[in-house]
Amino acid sequence: MSPGRPDRPADVAGGTGNADNRRRWQALGVGLVAAFMTLLDVSIVNVAVPSIDRALGATPSDLQWILSGYALTFGLMLVPAGRFGDARGRRNAFVLGIALFTLTSALAGLARSPGWLIAARLVQGAAAGIVNPQVTGLIQQLFRGPERGRPFGLLGATIGISTAVGPLLGGLLIEAGGEQHGWRWVFFVNVPVGIVAVLLGWRLLPGRPAGAARHRLDPVGVLLLGVGVVLLLLPLVQREQWRSPWKWALIPAGLVVLAGFGLWERWYARHETPLFDLGLFRFRSYTLGSLIATVYFGGFTAIFFVFTLYLQIGLGYSALVAGLAITPFALGSAVASALGGRIVNRYGRPLVAVGLLVVVLGLGAVVVVLRGGPHGSVPVLTAAPLLIAGLGSGLVITPNQTLTLSQVPVAQAGGGAGMLQTGQRIGAAAGIAAVGAVFFSSLAGAGGNWSTAFRNALLLAAGIIVLALIAALIDIHRSRRAPTPTTQH
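Conventions used here
- Residues numbered from 1 in each chain as written.
- Predicted model: local features only at pLDDT ≥ 70, side-chain atom pairs only at ≥ 80, totals over all residues.
- Heavy atoms only, no water.
- Helix = DSSP H or I, 4+ residues; strand = E, 2+ residues; numbered from the N terminus.
- Rg over C-alpha atoms; globule rule 2.2 N^0.38 Å.
- Buried < 20%, exposed > 50% of the residue type's maximum accessible area, 1.4 Å probe, protein only.
- Contact = heavy atoms within 4.5 Å.
- Areas by Shrake-Rupley, 256 points an atom, 1.4 Å probe, with all protein chains shown as cover.
- Lys, Arg positive; Asp, Glu negative; His and termini not counted.
- Charge placed at Lys NZ, Arg CZ, Asp CG, Glu CD.
- Salt bridge = Lys/Arg side-chain N within 4 Å of Asp/Glu carboxyl O.
- Polar contact = N/O pair within 3.5 Å; in protein donor to acceptor, adjacent residues only side chain to side chain.
- Axes fitted to C-alpha atoms, helices over the stretch in contact; angles between N-to-C directions.
- Parallel < 35°, antiparallel > 145°, perpendicular 65-115°, else oblique.
- Left-handed = near helix turned anticlockwise from the far one by under 90°.
- Nonpolar A, V, L, I, M, F, W, Y, C, P; charged D, E, K, R; others polar.
- Core = buried A, V, L, I, M, F, W, Y, C linked by side-chain atoms within 4.5 Å.
- Expected span 1.5 Å × (residues − 1).

### A closer look at the overall build of the chain
In step 1: Within the chain one finds 16 helices and 0 strands.
In step 2: Over its C-alpha atoms the chain spans a radius of gyration of 22 Å, differing by no more than 12% from the 23 Å that the globule rule assigns to 489 residues.
In step 3: Dimensions of the chain, computed from C-alpha atoms along their principal axes, come out at roughly 65 × 55 × 50 Å.
In step 4: Relative to its 489 residues, the chain shows a buried fraction of 57%.
In step 5: In the chain, the proportion of contacts linking residues at least 24 apart, taken out of those at least 6 apart, comes to 83%.
In step 6: Put simply, the chain shows about 18800 Å² of open surface, and 68% of that area lies on carbon and sulfur atoms.
In step 7: Seen as two clouds, the 36 positive and the 16 negative side-chain charges of the chain have centres 6 Å apart.

Written out as structure tokens, the structure is:
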């Protein structure tokens, strides 16, 4: 069998033998490495901000765009890229995205001005948005039914680790490269990994199935969804730089545009394959699973944002120590994600509810141990509670993703995964905006008491996660009253 041929047996879930089974796991491995690399860049740059500021003389607005511009274009590309992969082949989209991500990582590391770095980060985020739906779609394509649990477990571990370990890896790279130029290695580290991922991705990932129909890509739908997502995200990612309260008017405007997107997709589906099939929301697993993911990421991502500020600015710890302090969460998440992927088919949504409850208990324990201010080393005091919260998180992300996508047909896997991840990005931006606002207002109101501000912010993050728990309990209650539909294969 020639590498890259679209009709090879590896395109069929389960393969036809040991060689094909090994090949699909190798393809998954390439996808997981790519997902780790692109998701890592959401958080790894946070600890490099002081170095970038000194090296390039960036303004606060520049720094905000360096951080949030990546998340903005990432979220913008997820659904169109997922649909492109469904229609034109996931290997093509994956290789294009990784090649572009690698190139822009090199350009970011070579930046000589804030504008140069911002432009590179915007395109880098778009490239990451191209890659990630292909990884989820690949799992849907190469694995079937209950056997998806294990690869989704590995993907969940990848998501949890990449989100939490970013500050640690960033701190290590800055320590190794020096304060002046260490930030450049935060970007350069992607280049060799990206080159290998391009070569292996082209060789191992299945091509477009022979004889598959070519569909138009719904440019009007792409435009409406893009405008709607930008209008929602812009006031959230620019909350500190745009002082006018009128910025919040963009959110209802974005909701109106997204409503128009829904109406257009419903009409377009009568004539062509739409950008996103609204019929997926008829599946309770997809609807409530997407809601749980969006709300959970609103609380989950915000935790690392305020914890890094508290440790580095409030308590004066180095970037490396701040990264190490988050490591227990990452380790717990990795272990529980792998386990959750194996047992999700046995326990279903109750497993997600247990995970959410454990996260809330872990965060509550952090608040308790820091009550009255830090009496000792904060990274040591918070290690055990964060490990508990990480274990819970691993039982949320992986099982929820597996259950959410379980009924999505393979032909719509990329678009379905893209919409799921778009919700996660919007949730993360909204959560950081809300929790960050409480953090900074508490800091001002408490006379600069960083511990009080951090505890208040953490309580809000835990409250957001409680909302996700309520959604999970609603799903469990409804599933006991109605038969579960057959999983799509």
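### Structural notes on the pattern of salt bridges
In step 1: Considering all chains together, one arrives at 5 salt bridges under this definition.
In step 2: The closest approach of N and O atoms between aspartate 475 and arginine 284, which form a salt bridge, is 2.8 Å. Taken together, the residues span a long stretch of sequence, with aspartate 475 in helix H16 (residues 450-481) and arginine 284 in helix H10 (residues 284-314) at a distance of 191 residues.
In step 3: For aspartate 475, a relative accessible area of 5% gives the class buried.
In step 4: Residues aspartate 475 and arginine 349 are paired through a salt bridge, measuring 2.5 Å at the closest nitrogen-oxygen approach. Residue aspartate 475 is found in helix H16, and its partner arginine 349 is found in helix H12 (residues 349-369); the two are separated by 126 residues along the sequence.
In step 5: Through salt bridges with shared partners, one network takes in Arg284, Arg349 and Asp475.

### So, the side chain of aspartate 41
In step 1: Along the chain, the position of aspartate 41 falls in helix H1 (residues 18-43).
In step 2: Side chain to side chain, aspartate 41 and asparagine 190 meet in a polar contact 3.2 Å long.
In step 3: The residues contacting aspartate 41, other than those within four sequence positions of it, are Tyr70, Phe101, Arg121, Gln124, Phe187 and Asn190.

### Here's the deal with the packing of H1 against helix H7 (residues 190-204)
In step 1: Contact geometry of H1 with H7 gives a least axis separation of 10 Å together with a crossing angle of 150°. As summarised for this structure, H1 and H7 are arranged roughly antiparallel, according to the angle between their axes. The interaxial crossing formed by H1 with H7 has left-handed handedness. For the pair H1 and H7, contact is made by Arg23, Gln26, Ala27, Val30, Val33, Met37 and Asp41 and by Asn190, Val193, Gly194, Ala197, Leu200, Gly201, Arg203 and Leu204, respectively.
In step 2: For the contact of H1 with H7, the residue count by class is 8 nonpolar, 4 polar and 3 charged.

### Points about the environment of alanine 176
In step 1: Structurally, the position occupied by alanine 176 is in helix H6 (residues 149-188).
In step 2: Accessibility expressed as a relative area gives 70% for alanine 176, which makes it exposed.
In step 3: As a C-alpha pair, alanine 176 and leucine 236 span 60 residues in sequence and 34 Å in three-dimensional space.

### Here's the deal with the environment of aspartate 41
In step 1: Under the relative-accessibility criterion, aspartate 41 is labelled buried at 0%.
In step 2: The spatial distance from the C-alpha of aspartate 41 to the C-alpha of proline 385 is 26 Å, given a sequence separation of 344 residues.

### Some thoughts on the nonpolar core
In step 1: Judged by nonpolar contacts, the single largest core of 106 residues is most densely connected at Phe94, Tyr286, Tyr296, Phe307, Leu356 and Phe454.
In step 2: Of all hydrophobic cores here, the second largest spans 24 residues; its members include Val45, Val49, Ala111 and Ala120.

### Side note on the side chain of glutamine 424
In step 1: Along the chain, glutamine 424 falls in helix H15 (residues 413-445).
In step 2: On the basis of relative accessibility, which here comes to 7%, the residue glutamine 424 falls in the buried class.
In step 3: Setting aside anything within four residues of it in sequence, one finds glutamine 424 in contact with Ala293, Thr294 and Phe297.

### Considering helix H11 (residues 319-347)
In step 1: The terminal C-alpha atoms of H11, which comprises 29 residues, lie 39 Å apart, in line with the 42 Å expected from a rise of 1.5 Å per residue.
In step 2: Glycine 348 lies just past H11 and shows a positive phi near 65°.

### Quick look at H15
Working note: α-helix, 3.6 residues per turn, so residues spaced by three or four point in the same direction.
In step 1: Taking 1.5 Å per residue, 33 residues should reach 48 Å; H15 reaches 47 Å between its end C-alpha atoms and fits that length.
In step 2: Counting buried positions along H15 gives 24 out of 33 residues, so the element sits mostly inside the fold.
In step 3: Taken from the residues just after H15, glycine 447 is the one with a positive phi, measuring 65°.

### Details of the environment of valine 256
In step 1: Within the element layout of this structure, valine 256 appears in helix H9 (residues 250-268).
In step 2: Residue class for valine 256 comes out exposed when judged on its relative accessible area of 58%.
In step 3: Sequence-wise, valine 256 and alanine 389 are 133 residues apart; in three dimensions their C-alpha atoms are separated by 37 Å.

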